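# Structure at a glance
The lines below spell out each chain.
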Amino acid sequence: MKFSYNWLREMVDGLDASPEELERLITIKTAECEGIEKHGDDHVIEVDNKSLTHRPDLWGHYGMAREVAAITGRPLRDPVKAQSFSGAAPVKISIDDYALCPRYSALAFENVKVQPSPKWLQERLEAVGLNPINNLVDVTNFVMAELAQPMHAFDADKLHDGPISVRNAKPGEQFAALNDETYELDETNLVIADPKGAIALAGVIGGAGSAISEATTRLVLESANFHASNIRKTSAKIRLRTDASMRFEKAQDPVNTVRALERAYELLQEVSPGIKLVGGLADSYRAPKEKAPIALPLGWLERKLGRALPKAEVKQILEALRFKVEEIDDRTLSVFVPTWRATKDISIKEDLVEEIGRMVGYASIVPAPPAVAARVPAESNERIFHHKVRDEAVAQGYTEVYNYSFVI
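Since we're looking at a predicted model, the values are computed, not measured. (Residues numbered from 1 in each chain as written. Predicted model: local features only at pLDDT ≥ 70, side-chain atom pairs only at ≥ 80, totals over all residues. Heavy atoms only, no water.)

For the protein, the count of helices and strands is twelve helices and 17 strands. Relative to its length of 408 residues, the protein is extended, with a C-alpha radius of gyration of 28 Å against a globular reference of 22 Å. With the C-alpha coordinates of the protein rotated into their principal frame, the extents come out at 100 × 60 × 45 Å. Counted over contacts in the protein with a minimum sequence separation of 6, partners at least 24 positions apart contribute 72%. Carbon and sulfur atoms provide 51% of the accessible area of the protein, an area that totals close to 21,100 Å². (Helix = DSSP H or I, 4+ residues; strand = E, 2+ residues; numbered from the N terminus. Rg over C-alpha atoms; globule rule 2.2 N^0.38 Å. Contact = heavy atoms within 4.5 Å. Areas by Shrake-Rupley, 256 points an atom, 1.4 Å probe, with all protein chains shown as cover.)

Given below as structure tokens:
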């Protein structure tokens, strides 16, 4: 995973660490880095993907900026500006199974002009290994690289009248993808469809029939959330792994879909002057069950961590990482996990120990063997009898043998 140093600096106020120092801090506190390379006036920090496999939030620059802000003690800047999407949504959404698609959000636009992206946008994408295509597609890739939320743009004039549905594919259903390949699907695959058939393979790749072209003037922009294992299985079955599927299979935050649309709307106004939003936000969403806070006893934390920490320092670390912390009593904290860490990452108090440990630095913990008291066991008459029987048997010429256990 590639991270642009300049991109991170835009979101961490007053960040003054050099690229080399930032790489060192990320390696110590968050994930293993594999090196730095120069890219124009930027530096690109390469982070080992395996270090991020349980951290879906870190598959975007804003998530890494959140970590850097916590490590350096600098304020975090949110790149997303709240937008008002008033009015009736022109896009209708139907979701068959909210377990497979917890949220599907979309906006519609008209007066769109497809053209090359500005130089700054192309350079930013190239720095992190993404190929510029056109201004509309580049915005979706930019938002994915920034917020870790994949998006997809449909040419609205190529969609058939009716709702956009999220459903399981039909057995043997054929899907023509953007990569000029046709895939035969089955009912385990999730598709985005209009009344005439599949227009995207959910979480993996868009369809050729609804692709953006130079003639596109109307646009439907989707931002969705899918069940992680379903996307992973589909990607493996058709042998196609994309930038989108790599993020979805990590379990993304459903809250992020609307944030991504807000960010994309702002960028589209810049790269496609004159673009007009049609109606309001289409958003089909089943809110997840609210998760209970995690009780964190400080005495237990100290025993697990191997060192004592003041309550104020524990609170400061967790709040810097954007956990909400309340005090139950003098020796117990109640920790509320943010949505972007609650998908498949933080769920028990042992997870919080790891968060605190990595931030204080494991090198600060003095190694010590377990304190196990040694004492002479009580005399056992049965044990004494067994030893006497063995001694008598040996005196009679017997040999004791311990054989392997065989199971048939």
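Topologically, T216 is positioned in the loop between β12 (205-206) and β13 (219-225). At 2.7 Å, the side chain of T216 forms a polar contact with the side chain of D155. One polar contact links the side chain of T216 to the main-chain amide nitrogen of S213, over a distance of 2.9 Å. (Polar contact = N/O pair within 3.5 Å; in protein donor to acceptor, adjacent residues only side chain to side chain.)

Pairing is antiparallel across the open sheet formed by three strands, whose spatial order is β15-β17-β16. A single partner strand is all that each edge strand has here, and the edge strands are β15 (294-297) and β16 (324-329). If you compare each strand with its neighbour and ignore which way they point, the axes differ by 30 degrees on average. Of the pairings in the sheet, the one linking β15 to strand β17 (residues 332-336) comprises four bridges and is antiparallel in character. Each bridged residue has a counterpart across the sheet, and for I294 the counterpart in β17 is V335. In the packing of helix α9 (residues 298-305) onto the sheet, the strands contacted are β15 and β17, and the crossing angle to β15 comes to about 70 degrees. Contacts between helix α11 (residues 349-360) and the sheet are confined to β15 and β17, with β15 contributing the most and set at about 60 degrees to the helix. (Pairing = 2+ DSSP bridges. Axes fitted to C-alpha atoms, helices over the stretch in contact; angles between N-to-C directions.)

Before going further, it helps to spend a moment on helix α2 (residues 19-29). Regarding α2, the residues found buried are P19, L22, E23, L25, I26 and K29. Each buried residue of α2 lies within a common arc of 165 degrees when the element is viewed along its axis, so the set occupies one face. Its buried side turned inward, α2 meets α1 (5-11), β2 (33-39), β3 (42-47), α3 (61-72) and α11. (Buried < 20%, exposed > 50% of the residue type's maximum accessible area, 1.4 Å probe, protein only. Arc of directions from axis to C-beta.)

Reading across the sheet, the five strands line up as β4-β7-β10-β11-β12 and stay open at both edges, with mixed pairing between neighbours. Pairing within the sheet leaves two strands with one partner each, and these edge strands are β4 (93-95) and β12. In the sheet, strand β10 (residues 190-194) pairs with strand β11 (residues 197-201) via four bridges, with the strands oriented antiparallel. Within the sheet, the bridge partner assigned to D194 lies in β11 and is G197.

A word on the packing of aromatic side chains. With the rule as written, the count across this model stands at five aromatic pairs. Consider the rings of F226 and F248, whose centres lie 5.1 Å apart with planes at 70 degrees: the pair is edge-to-face. Of this pair, F226 sits in the loop between β13 and α6 (228-238) while F248 sits in helix α7 (residues 243-248), placing them 22 residues apart in sequence. The same class applies to F226 and to F248, which are both buried. (Phe/Tyr/Trp six-rings, centres within 6.5 Å; stacked < 30°, edge-to-face > 60°.)

Another point: the packing of helix α4 (residues 119-127) against helix α5 (residues 135-147). At a minimum axis separation of 10 Å, α4 and α5 run at an interaxial angle of 50 degrees. Between α4 and α5, the crossing angle belongs to the class labelled oblique. As for the relative orientation of α4 and α5, their crossing is left-handed in sense. From α4, W120, L121, R124 and L125 reach across to α5, where they touch D138, V139, N141 and F142. (Parallel < 35°, antiparallel > 145°, perpendicular 65-115°, else oblique. Left-handed = near helix turned anticlockwise from the far one by under 90°.)

What follows covers the nonpolar core. Side chains that are nonpolar tend, in soluble globular proteins, to be buried together. Counting 57 residues, the largest nonpolar core has F109 and L268 as its most contacted members. By size, the runner-up hydrophobic cluster in this structure holds 37 residues, among which are I95, C101, L185 and I205. (Core = buried A, V, L, I, M, F, W, Y, C linked by side-chain atoms within 4.5 Å.)

Moving on to unusual backbone geometry. Positive phi outside glycine occurs at N111, with the angle close to 60 degrees. Among the secondary structure elements, N111 is positioned in the loop between β5 (103-110) and α4. Residue classification places N111 among the partly exposed residues on the basis of a relative accessible area of 45%. A positive phi angle is found at R322, which is not glycine, with a value near 75 degrees.

Let us now look at the pattern of salt bridges. Tallied over the entire structure, the rule returns 30 salt bridges. The partner of K324 in a salt bridge is E326, with the nearest N and O atoms 3.6 Å apart. One network of salt bridges, with partners in common, ties together R55, D57, R66, E67, R341, D345, E355 and R358. (Salt bridge = Lys/Arg side-chain N within 4 Å of Asp/Glu carboxyl O.)

Functional significance is not addressed by these values, which are geometric in nature.
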